[in-house]
Protein chains: 4
Amino acid sequence: MNFDDIKIRIKAFVKEELVPLEPWILNCSWDEKLPKLNEKRQKVKDRGLWLPQIPKEYGGLGLSNTQHGEISEILGASPYGHYCFNCQAPDAGNMEILIEFGTKDQKEAYLYPLLAGDIRSCFAMTEPDFAGSNPVNMGTMAFKKDGNYIINGHKWFTTGFDGATFAIVMLVTNPEASEPHKKASQIIVPTNNTGIDFIRNIPVMGHTGNGWESHSEIKFQNVKVPLTNVLGGDGEGFTIAQKRLGPGRIHHCMRWMGICERSFDLMCQRAVSRELAHSKTLADKQTVQNWIAESRAEINAARLLIQDAAHKIDSQGAYKTRKEISIIKFYCANVLQKVVDRAIQVHGALGLTDDTILAFYYRQERAARIYDGADEVHMSSLARQILKEYRI
Amino acid sequence: MNFDDIKIRIKAFVKEELVPLEPWILNCSWDEKLPKLNEKRQKVKDRGLWLPQIPKEYGGLGLSNTQHGEISEILGASPYGHYCFNCQAPDAGNMEILIEFGTKDQKEAYLYPLLAGDIRSCFAMTEPDFAGSNPVNMGTMAFKKDGNYIINGHKWFTTGFDGATFAIVMLVTNPEASEPHKKASQIIVPTNNTGIDFIRNIPVMGHTGNGWESHSEIKFQNVKVPLTNVLGGDGEGFTIAQKRLGPGRIHHCMRWMGICERSFDLMCQRAVSRELAHSKTLADKQTVQNWIAESRAEINAARLLIQDAAHKIDSQGAYKTRKEISIIKFYCANVLQKVVDRAIQVHGALGLTDDTILAFYYRQERAARIYDGADEVHMSSLARQILKEYRI
Amino acid sequence: MNFDDIKIRIKAFVKEELVPLEPWILNCSWDEKLPKLNEKRQKVKDRGLWLPQIPKEYGGLGLSNTQHGEISEILGASPYGHYCFNCQAPDAGNMEILIEFGTKDQKEAYLYPLLAGDIRSCFAMTEPDFAGSNPVNMGTMAFKKDGNYIINGHKWFTTGFDGATFAIVMLVTNPEASEPHKKASQIIVPTNNTGIDFIRNIPVMGHTGNGWESHSEIKFQNVKVPLTNVLGGDGEGFTIAQKRLGPGRIHHCMRWMGICERSFDLMCQRAVSRELAHSKTLADKQTVQNWIAESRAEINAARLLIQDAAHKIDSQGAYKTRKEISIIKFYCANVLQKVVDRAIQVHGALGLTDDTILAFYYRQERAARIYDGADEVHMSSLARQILKEYRI
Amino acid sequence: MNFDDIKIRIKAFVKEELVPLEPWILNCSWDEKLPKLNEKRQKVKDRGLWLPQIPKEYGGLGLSNTQHGEISEILGASPYGHYCFNCQAPDAGNMEILIEFGTKDQKEAYLYPLLAGDIRSCFAMTEPDFAGSNPVNMGTMAFKKDGNYIINGHKWFTTGFDGATFAIVMLVTNPEASEPHKKASQIIVPTNNTGIDFIRNIPVMGHTGNGWESHSEIKFQNVKVPLTNVLGGDGEGFTIAQKRLGPGRIHHCMRWMGICERSFDLMCQRAVSRELAHSKTLADKQTVQNWIAESRAEINAARLLIQDAAHKIDSQGAYKTRKEISIIKFYCANVLQKVVDRAIQVHGALGLTDDTILAFYYRQERAARIYDGADEVHMSSLARQILKEYRI
């Protein structure tokens, strides 16, 4: 199956199997929708499309970042696209980490069940008491004792903790390290460990959610895991995080493009079908035309920027692509918000209802300008990199 | 009690009695919160603050539009402020109509119970199949037969229909009228009439709601009401609507100012309290400073525009203030959205949660750019009025 | 003559005597236009309208800041309005300083000829090597010796130096003052003093200009003036500057409103007169309507903000109005730029030509976002004042 | 010489030979600068870089649209880059037309001297009395008589008419054609013909200019040229115009990228070198960082959009690339204006002077949003093309 075939099949799958689940699937709980999603996952496996982003030796399709970016846009047309193909955050990122940094035992215990879709996982990084933009500025700590890490700390926005089998926890293991970037480690923590306090699923934009669709607040109180649960070595947490973020952002941004295209489509359909007086439609209004033109230009621009970054990651690696990755983060998050907002406005009152997916996007994707580093952090970081080259 | 006293007391009431109900009140159903709200309403009556917007002869405080605008900003700090003082939409607008256009019998049956807070009402105007901006372009019709109107049609976004005792329905009674503005009438329809099909409370931004906090879709199938139920005379529907909109918009816009000020407050509190590295806070970030400065300028500008319009309505009437009313509609709705958006961004992940009221505002107030005439409609209408003066 | 009369007469004067001088007056040198302007000045005197901003005891009309704001808007419709009424920058500011801080001798020598319109003056503050936003951060210095100040330094953007009789120079006389705000003084320096090097009139936006319409770069090399030339006392430079800026900004901002209204007018006239195909005009285009609506809203908002600040200065003084003054600086400068830009766009190619005044405004008024403190400085300063109130 | 060599050499030429001519060359008349420019043109020929955009059989370098786009960005760093390489508007467009549509005689008389740089030409299309966006809506007409066209009409913004040897004039020859797009023709008119009234070089943004740097207003009064002067056949004017616009827009837009990059460069240099208090520079200000980050993102996006359009023209032709060409027109013109504006703001007062090239760009490039079809025209046109696909 060549890449064009893969794309055609996945596009068909999303259109025929996933989009028709709406609006039902947008309005029921995780427990209600899970059986249906598992059914779809089985179909994906049957059609040989499972794990598009994973190397072939691990049972995936072995796509490049550029290629998986295209897939991510296609899947992004449904909020459950990535889930059904087992390339959803945060599991996909955790798979990458385990593939690159996991020991044989770690892979046995955590990676393979994850690849099979038998378990879910989560990634515990963000903390309520520390500004999220700085991966070495955090309060969760682990000290070593008798061959174990003893973990204490407070995390939130741990997406999918509810129902996950294990968490990869970012924390400080070497508070005195001379290099700040050597302070943190990433440690595998089974979620059923003693000392993990589940505080709540955080209500976000009016919904608490559960399962994969939830963001938990948790406390670690003397949680004990063996030292062998560290990923890639003690003090390597920041390095792993850096590696993980680049490709992840490509796929996130391309998922946003999927959302943009679907919103654009809805906007245009509405424009030509909504009748005004005098046998005109909204499509005849110049303001609507302006929104469509600007959206088209911005979506195209955003996608080209992402593809450019993806090519660079594929050819030169994520480190050399830092500037491009920052650019797509803030540029694309803004395009996403603008396109969804315009599509709602063109729909009028209908755009506020849950009769279309737009109001869901509006609530759900406001987070895009905040997670993975707030836009403002990326802008400053990009500018400082650029300005460094101008200093003598 | 002079006006300054009234303001001080209402401000205190909102701060002490209403804001502390959050976040509980934002996350429970109408039925759960109603007993608590009724308790608060009784306190408002006891303190002599009931019905601030209503003339004294009808038992209110008799405030001018300018004054009630100030009250509306104060009440706007809580989503339940207006409700507790019985000046909430859509009932307040219906009271105005009944006071100005109601017959003695209509007042007996509908106005006095409404003023007392014993019943609720709704206003059925928007239709799913007709662009909402045009009050003479609608599908709901009534023909006259044997001393009755026989009504057929389809309405939605009828706010508070669920639990209301009566609706004021905007519909066409004279489709052949030579003047288009004489086609429509406003008719009182008891909600328990035969032939009213309640289709659903429309799910809006992820919530269906009920009671006062819902927007219904309803159908009228041969609904029969006596001709005496018409308000202000057959064919007067548009004229009444025009009268109603001006002052209503002042109060809406000033309610938005209450939301803006509360969001601004939260933004500033967050800025000074959120610590970053190196003993800095978000308040030290120039981007945050820019947002605060722009928000302050825009909120002040918006309020001055509203006050200017309110003075003009009070002195020259709503008709001569049409331009100013259009201006505040679109200008203030945009300020509202920008200020809430910035406040969320300053809060980071916390801003997405329901731990602050900001995410509620974000979802709830997206409607501001759409209802009461979409911004784009007001902009065009304003420009056409202006340009008329430039034509020879 | 009451204030309404004054306004009517000034409005008529601008319309009948000044606007018709265009486009000739926009395209000739200062020397060519001066005789004509002097003629107009004489007419202003003859009609009893001279010096509207100056207290009656000094021969002016004695208007308040609020009132002179209104005048400034009217005069702003012509680039030469303020000049003809002798309330132009920088002379008007210098008059204010001399009235409030000048000694009897200083008034004799400098104020009265200035009020009479017999001489011009300038204000030397900005320096090329120091960021302009900070009035205590500058390189021009004076030391005292034998009853004289000996001045050395480098200034630029000294508006109207070319042809001025004297300069008020802002400089450091007390570099070691414990309070930074006590370092600077303002000193009167006759422009024909030995040691003043006129370097050039700076070419700005393609024009070098001369006379009142120029911005000079000058060097002071051991320039000697008697100690009695200091204004308000040694070390009072910053205090005087603060006093001067508040009212000055009101008048600047209201002048911008004059420019906005004239541009708005041109935009609307063009919209209704420019024919497109199918017997439509630009006025039928919704984009043009949007620009007109937004411009109207923004101009109204800007004017209300300025009037609000003017009232506060008149009632509470400039110091307590610092926040409002910062707001109008950046808010109004942006409105100005947007309105002029939209008016040009509506004019198409014609808007780029010097056949209308718009291209002149476009070039000339880009400075508004920079002078008197760049917008960004005012935004940060405003935000810091606001945030101070939120710190415990 | 391969393409990389060409780029390196041209980049060096611009940097070493052209940029150092500033600011002198920005502040003198066409006649003064022409000898110097001719000297540079000779060097370009000597180095084998002449006519990069022209097929090899006509003596050029034979670059594709994609390649010449890259060259155009490089040349855009100097306002005289394109002129020195003989690929400047409007001559380059006229060369294209003559190559594709010119007869042998037309080529002999007009194309070869143009390619040699011996003469200049102009393109007369825009009319003061007709909205420029519509190439079939114009007032200039030609009727046929005795083997001649007799031309009457009024044109303006005919760039470079002053000193040109011939004009290609767009006009109506078939007012009654059933298809509107068959009404117009393009006709070669020698500028020394009887009946051509030169009215003026239009003063634009404060400068009248002359020679290549001027925009003329002209009238045709019974101007007679032989029928053989028509290009591509009578009624083909619109078709030729369409062909001409696509590639021309690529090169225009890439020229803008050259301007953007130069402005960006100046902005960054200023940011790192301008000292503020406390050993900070403007580079430490987050607002400046935001501008740099946004500019980088937008310039990159703009360039990718242009390259995308260029590839499509090269592979599928200009007609199929209409949407992409409209996108780059309005998107890039806006990026251009924003980047130049930010660069000026970072320079403060210096940015207003002619000491840097920024104020020149600010004035000169405001036209970008207007010429070649105002942005608003392209937005509507793009939207209509898109929406057509959504209609059933």
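None of these values were measured; they are calculated from a predicted model. (Residues numbered from 1 in each chain as written. Chains lettered and ligands numbered in written order. Predicted model: local features only at pLDDT ≥ 70, side-chain atom pairs only at ≥ 80, totals over all residues.)

Participant: In this structure, what is going on with the overall build of chain A? I would like to understand it.
Facilitator: Each helix and strand in chain A was counted, giving 12 helices and 7 strands. Radius of gyration (C-alpha) of chain A: 22 Å, near the 21 Å computed for a compact globule of 392 residues. Each principal axis of the C-alpha distribution contributes one length, and for chain A these read about 80 × 60 × 45 Å. Counting only residues that meet the buried cut, chain A has 56% of its 392 residues in that class. Sequence separation of at least 24 residues holds for 71% of the intrachain contacts in chain A that already meet a minimum separation of 6. (Helix = DSSP H or I, 4+ residues; strand = E, 2+ residues; numbered from the N terminus. Rg over C-alpha atoms; globule rule 2.2 N^0.38 Å. Buried ≥ 20, exposed ≤ 12 C-beta atoms within 10 Å, placed from the backbone. Contact = placed C-beta atoms within 7 Å.)

Participant: Even after reading the chapter, I still don't get unusual backbone geometry, so can you show me in this structure?
Facilitator: Where the residue is not glycine, phi is negative for most of them; where a peptide bond is considered, it is trans in most cases. Between Ala89 of chain C and the following residue, Pro90 of chain C, the backbone shows a cis peptide bond with an omega angle of -5 degrees. Relative to the assigned elements, Pro90 of chain C resides in the loop between helix H4 (81-84) and helix H5 (91-101). Phi is positive for Asp372 of chain A, which is not a glycine, with a value near 55 degrees. Phi at Met205 of chain C is positive, roughly 50 degrees, even though this residue is not glycine. With respect to the helices, strands and loops of the structure, Met205 of chain C is situated in the loop between strand S6 (196-201) and strand S7 (215-226).

Participant: Even after reading the chapter, I still don't get the UniProt feature "domain: Acyl-CoA dehydrogenase/oxidase C-terminal" (unreviewed entry) in chain A, so can you show me in this structure?
Facilitator: Mapped onto the present numbering, the UniProt feature "domain: Acyl-CoA dehydrogenase/oxidase C-terminal" (unreviewed entry) falls on residues 235-387 of chain A. End-to-end, the C-alpha atoms of residues 235-387 of chain A are 30 Å apart, and along that stretch the chain is 77% helix and 0% strand. (UniProt positions renumbered as here; feature names shortened; annotations may be inferred.)

Participant: What is the right way to read the confidence of the model for chain A from this model?
Facilitator: Residues shown with low pLDDT carry predicted positions that ought not to be read at fine detail. Confidence in the prediction for chain A averages 95 pLDDT; 99% of positions are at 70 or higher. Two numbers describe this predicted complex: its pTM, 0.96, and its ipTM, 0.95. (pLDDT = per-residue confidence, 0-100.)

Participant: What exactly am I supposed to notice about the relation of the copies chain A and chain B here?
Facilitator: For these two chain copies, the linking operation is a rotation about an axis paired with a shift along it. Mapping chain A onto chain B calls for a screw motion: a turn of 180 degrees about the axis and a shift of 0.0 Å along it, with 0.1 Å RMSD after fitting. Overall, the copies show the geometry of a two-fold rotation axis. Minimal C-alpha distance to the rotation axis in chain A is attained by Arg363 of chain A, lying at 3.4 Å. By residue overlap, the copies meet face to face through one surface: 97% of the interface positions of chain A are interface positions in chain B. (Least-squares fit on C-alpha atoms with pLDDT ≥ 70 in both.)

Participant: Which parts of the structure should I look at to understand the pairing of strand S5 (residues 184-190) of chain D?
Facilitator: Each regular strand shows side chains that alternate between the opposite faces of the sheet. All names here are of chain D. Counted residue by residue, S5 has 6 buried out of 7 residues, so it is predominantly covered. As defined by bridge partners, strand S4 (residues 166-172) adjoins S5 across 7 bridges and the pair is classed as antiparallel. Across the sheet, Ala167 pairs through a bridge with Val189, a residue of S5. (Pairing = 2+ DSSP bridges.)

Participant: What exactly am I supposed to notice about the environment of Val225 of chain B here?
Facilitator: Residues and elements named next belong to chain B. Examined against the element boundaries, Val225 turns out to sit in strand S7 (residues 215-226). Overall, Val225 belongs to the buried group, with 20 C-beta atoms counted inside 10 Å. Those residues in contact with Val225 that sit more than four places away from it in its chain are Asn148, Tyr149, Ile187, Val189 and Asn193.

Participant: Before we go on, may I ask you to explain the interface of chain A and chain B in this structure?
Facilitator: Bring the parts together and some accessible area is lost; that lost area is often taken as the interface size. Listed per partner, the contact involves 34 residues of chain A and 33 residues of chain B. Counting residues per element, the ones that place at least two in the side of chain A that touches chain B are helix H9 (322-347), helix H10 (349-352) and helix H11 (358-364) of chain A. With 4 residues, H11 of chain A is the largest single contributor of residues to the side of chain A that touches chain B. Counted by class, the side of chain A that touches chain B contains 17 nonpolar, 11 polar and 6 charged residues. (Nonpolar A, V, L, I, M, F, W, Y, C, P; charged D, E, K, R; others polar.)

Participant: Is there a simple way to think about helix H2 (residues 30-46) of chain D in this case?
Facilitator: Along an α-helix, a turn takes 3.6 residues, which lines up residues three or four apart on a common side. Residues and elements named next belong to chain D. The terminal C-alpha atoms of H2, which comprises 17 residues, lie 24 Å apart, in line with the 24 Å expected from a rise of 1.5 Å per residue. For H2, the principal kink sits at Lys36 and spans about 25 degrees. Within H2, burial applies to Lys33, Lys40 and Val44. Buried residues in H2 make contact with helix H1 (3-18) and helix H4 (81-84). (Expected span 1.5 Å × (residues − 1). Bend = angle between axes of the 7 residues up to and from the residue.)

Participant: I tried to follow helix H7 (residues 237-273) of chain D on my own but got confused; where do I start?
Facilitator: All names here are of chain D. For H7, built from 37 residues, the straight-helix expectation of 54 Å at 1.5 Å per residue is met to within 8% by its first-to-last C-alpha distance of 53 Å. At Leu245, H7 shows its maximal bend, which comes to roughly 25 degrees, and the proline Pro247 appears one to four places after that position. Extensive coverage of H7 is indicated by the burial of 26 of its 37 residues.

Participant: I keep staring at the relation of the copies chain D and chain A and nothing clicks. Help me out?
Facilitator: Expressed as a screw transformation, the operator carrying chain D onto chain A has a rotation angle of 180 degrees and an axial translation of 0.0 Å, and the superposed copies differ by an RMSD of 0.1 Å. Mapped onto chain A, 100% of the interface residues of chain D are again interface residues, and the two copies thus contact each other with one and the same surface.

Participant: What exactly am I supposed to notice about the interface of chain D and chain A here?
Facilitator: On the side of chain A, 28 residues touch chain D, which itself brings 28 residues to the contact. For the side of chain D that touches chain A, the leading source of residues is helix H8 (residues 286-316) of chain D, giving 12 residues. For the side of chain D that touches chain A, a count of residues per class yields 18 nonpolar, 6 polar and 4 charged.

Participant: I'm lost on the domain arrangement of chain A in this one. Help?
Facilitator: Residue and element names in this part refer to chain A. Assigned domains of chain A: these are domain 1 (3-102), domain 2 (121-231) and domain 3 (239-388). Its C-alpha centre places domain 1 at a distance of 20 Å from the equivalent point of domain 3. Taken together, the 21 residues of domain 1 in the interface contact 25 residues of domain 3. Of the residues in the side of domain 1 that touches domain 3, the class split is 7 nonpolar, 10 polar and 4 charged. (Domains from an automatic or database assignment.)

Participant: I'm lost on the pairing of strand S7 (residues 215-226) of chain A in this one. Help?
Facilitator: Residue and element names in this part refer to chain A. Of the strand pairs in this sheet, strand S3 (residues 148-159) and S7 are connected by 9 bridges, and their pairing is antiparallel. Each bridged residue has a counterpart across the sheet, and for Lys155 the counterpart in S7 is Ile218. Looking at chain direction, strand S6 (residues 196-201) and S7 are connected through 5 bridges and run antiparallel. Each bridged residue has a counterpart across the sheet, and for Asn201 the counterpart in S7 is Ser216.

Participant: Any chance you could explain the packing of helix H8 (residues 286-316) of chain A against H8 of chain D here in plain terms?
Facilitator: Where H8 of chain A meets H8 of chain D, the closest approach of the two axes is 9 Å, and the angle between their N-to-C directions is 95 degrees. Taken together, the axis directions place H8 of chain A and H8 of chain D in an arrangement best described as roughly perpendicular. Taken together, the residues of H8 of chain D that come into contact with H8 of chain A (itself represented by Asn300, Ala301, Leu304, Leu305 and Asp308 of chain A) are Asn300, Ala301, Leu304, Leu305 and Asp308 of chain D. (Axes fitted to C-alpha atoms, helices over the stretch in contact; angles between N-to-C directions. Parallel < 35°, antiparallel > 145°, perpendicular 65-115°, else oblique.)

Participant: Would you mind showing me how to read the environment of Met379 of chain A here?
Facilitator: Residue and element names in this part refer to chain A. When you line up the elements, Met379 lands in helix H12 (residues 375-388). Overall, Met379 belongs to the buried group, with 26 C-beta atoms counted inside 10 Å. Along the backbone, Met379 and Pro203 are 176 residues apart, and their C-alpha atoms lie at a distance of 29 Å.

Participant: Please explain the environment of Ile99 of chain C as it appears in this structure.
Facilitator: Residue and element names in this part refer to chain C. Here Ile99 is to be found in helix H5. Residue Ile99 is classed as partly exposed on the basis of its 16 C-beta neighbours within 10 Å. The spacing of Ile99 and Leu111 is 12 residues in sequence and 7.4 Å in space, taken between C-alpha atoms. Ignoring sequence-local partners within four residues, the contact set of Ile99 consists of Tyr58 and Leu111.

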